[in-house]
Every structure is written in structure tokens, then in C-alpha cells.
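Residues per chain are reported as follows:
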Amino acid sequence: MAKSQIKKESYVDKLADKIRALGQTYGINHVFSTFLELMALSLSAETDPTCPEERKKRREELEAGMEQAEATAYARMMALLYLAVREYDDDPTDILGTVYHELRLNNEWNGQFFTPDNISRLMVMITGLPPENDDDGVINVNEPACGSGTLVIGAVWAMKQKDFDYQSKTLFVAQDIDIRCVWMTYIQLCLYKVPAVVIHGNTLTVEEWSQWYTPYAIELLVRSKMATLPEVEALA
């Protein structure tokens, strides 16, 4: 993501600083990964009816191994991310992708680089999203290698520019083989209030290991009668 899109002394900067500070003790890679997992589990346990107990149990296992100061630091990181998303609510931005690069984690995560926001937005506009003709149906947007979710966030940005009601007319399906990318995408799409299913899987081999439903995806699936999982259908 282009640095210029992140405001100086923003909550994004504060989040990165908080991760660096805890990373001096536990390692930045470990801290960032643990932060992602904790936040994804917390959101899912409270809002995703498909497997809340499993994710609540995993969250409790993580928290049980932490000292109080460490747990408090992670709670502050979560609060900072909430505040950062509020900063960019009208101009959706890949916050976690920015933090990832600011922390130089691409050197440790197999040289992964995430697409900058301005490039993602250009790519989305070239594809013609949102559609010009609105037939009141639900459209599906698929991202088979989502990374930190930047292309989906770019699509949401483009839809906002044209006042397209993506929350009731679009279901996003994002997938990645790296669970940390799944968590980044899921967290941001939850906080930006995007209807999305984020899949931990291999697009090429059609293997799937877990699915993460944002609460807005649940609402859309039930309302449009697109639900297929028994747990989701039970909400109707």
C-alpha cells in the first residue's frame, strides 16, 4: 500500500508501534500472527454461528498461556485496529497489509508482497465493478488468492464511490492458502461491515480447511435464501 494514504500519527502508526514494542520480547512475527489469530477468533466466536465453540476454545487456549501484561497489550492492539477502521470507514483501506509491510514481515513470510491500495482500486475499476445494471439480484465477487484482502477492500471502495449497496447486493468470497492472510482478510471485512466468506484453502487443489463468515454474510445468505450450511439455514 502507498504510504501516503495512511495519515501521519494515525491509529495505524500506533498499532504498528504497539506490535513492535511487544515484539521486542516475543518477536514481531509471533506477536503479529498471535494478534491476528486472537482478533479473528474473538470476532468469529461472537458472530459466526457455524463453529463458535471451537473458536472460543482456541481463543481461551491462547489467552491461558499469556501473562497479564501480554494479554493487555493484545487487547490494546484490537482497540487500535477498531479505531483505525473508523478513521478509514468512508475510504476503505488495507490497514493490516500496511502494518504488515511497515513491520517488514514480508522478509519472514516467504517474501509475500500485498498489492497497494491504489493498484487494487485501479484493477477493480478495470473489471467494471460495480455493475452498471442493477437487477436487484445478489452478485458474487470471488478472490482466489486474497492476501490481506486488498482487492476486496478495493472493490468495496469502488462500490462506495458509486453509492452501490454492496451490503445487500454483493457476496464476496475470498480464499488463501496462508491462514494469516485469511485472518487479515476476515478481520478487515468484518470491521468494514462487508458480506464475505473467507476460506482457508488451496484454490488450485480445491482443498478447504476452514471457513470464516462475517456477520453481514450470514445476514445476506439468510435474507436471500442462499444459505447452504445447516447451521446458517437454522437462523432463517
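As a reminder, the structure under discussion sits directly above these lines.
Since the structure is predicted, the reported quantities are computational estimates derived from the model, not experimental observations.

The rules behind each value
Residues numbered from 1 in each chain as written. Predicted model: local features only at pLDDT ≥ 70, side-chain atom pairs only at ≥ 80, totals over all residues. Heavy atoms only, no water. Helix = DSSP H or I, 4+ residues; strand = E, 2+ residues; numbered from the N terminus. Contact = heavy atoms within 4.5 Å. Areas by Shrake-Rupley, 256 points an atom, 1.4 Å probe, with all protein chains shown as cover. Buried < 20%, exposed > 50% of the residue type's maximum accessible area, 1.4 Å probe, protein only. Pairing = 2+ DSSP bridges. Axes fitted to C-alpha atoms, helices over the stretch in contact; angles between N-to-C directions. Right-handed = clockwise from strand over helix to strand, strands pointing away. Core = buried A, V, L, I, M, F, W, Y, C linked by side-chain atoms within 4.5 Å. Salt bridge = Lys/Arg side-chain N within 4 Å of Asp/Glu carboxyl O.

A look at the overall build of the protein chain
Point 1. The secondary structure content of the protein chain amounts to eleven helices and four strands.
Point 2. A fraction of 71% describes how many contacts in the protein chain between residues 6 or more apart in sequence connect residues 24 or more apart.
Point 3. Roughly 11600 Å² of accessible area belongs to the protein chain as shown, and the carbon and sulfur atoms make up 50% of that amount.

Section: unusual backbone geometry
Point 1. Despite not being glycine, R104 has its phi angle at roughly 60°, a positive value.
Point 2. Relative to the elements of secondary structure, R104 occurs in the loop between α5 (95-102) and α6 (117-127).
Point 3. Residue R104 is classed as exposed on the basis of its relative accessible area of 59%.
Point 4. A positive phi angle is found at D163, which is not glycine, with a value near 55°.
Point 5. Its place among the elements puts D163 in the loop between α7 (150-161) and α8 (166-169).
Point 6. Judged by relative accessible area, D163 falls into the exposed class, the value being 71%.

Section: the sheet that holds strand β2 (residues 170-176)
Point 1. Spatial ordering of the open sheet is given by β1-β2-β3-β4, a layout of four strands whose pairing is mixed. The open sheet has two edge strands, β1 (139-143) and β4 (207-213), and neither has a second partner. Sheet twist, expressed as the mean angle between neighbouring strand axes with direction ignored, is 20°.
Point 2. The pairing of β1 with β2 spans five bridges and is classified as parallel. Residue pairing for β2: E143 is matched across the bridge by A174.
Point 3. Across the sheet, α7 lies against β1 and β2, angled at about 160° from β2, the strand it touches most.
Point 4. Sheet contacts for helix α9 (residues 179-191): β2, β3 (196-202) and β4; angle to β3, the most-contacted strand, approximately 180°.

Focus: the pairing of β3
Each regular strand carries side chains that alternate between the two faces of the sheet.
Point 1. Counting buried positions along β3 gives seven out of seven residues, so the element sits mostly inside the fold.
Point 2. In β3, alternate side chains face the same way, and those of A196, V198, H200 and N202 on one face and V197, I199 and G201 on the other are all buried.
Point 3. Of the strand pairs in this sheet, β2 and β3 are connected by five bridges, and their pairing is parallel. Each residue of the ladder has a partner; that of A174, found in β3, is V198.
Point 4. In this region the chain leaves β2, passes through α9 and returns to the parallel neighbour β3; the handedness of that crossover is right-handed.

Section: the nonpolar core
Point 1. Core analysis: the largest hydrophobic core is formed by 61 residues, its most contacted members being F32, F35 and L81.
Point 2. The set of elements that each furnish at least two residues to this core consists of α1 (11-26), α2 (28-47), α4 (68-87), α5, α7, β2, α9 and β3.
Point 3. Setting aside chain neighbours within four positions, we find L81 in contact with L15, F35, M39, I95, L96, I187 and L191.

Observations regarding the pattern of salt bridges
Point 1. This model, assessed by the stated rule, comprises six salt bridges.
Point 2. Here D17 makes a salt bridge to R20, at a shortest N to O gap of 2.9 Å. Note that D17 and R20 are positioned in helix α1 at a spacing of three residues, about one turn of the helix.
Point 3. Classification of R20 by relative accessible area gives partly exposed; the value is 30%.
Point 4. Residue R58 is joined to E61 by a salt bridge in which the shortest nitrogen-to-oxygen separation is 3.7 Å. With R58 and E61 both in helix α3 (residues 52-64), this residue pair falls three residues apart, about one helical turn.
Point 5. The class for E61 is partly exposed, based on a relative accessible area of 44%.
Point 6. If you follow the salt bridges from partner to partner, you end up with E37, R58 and E61 in one network.

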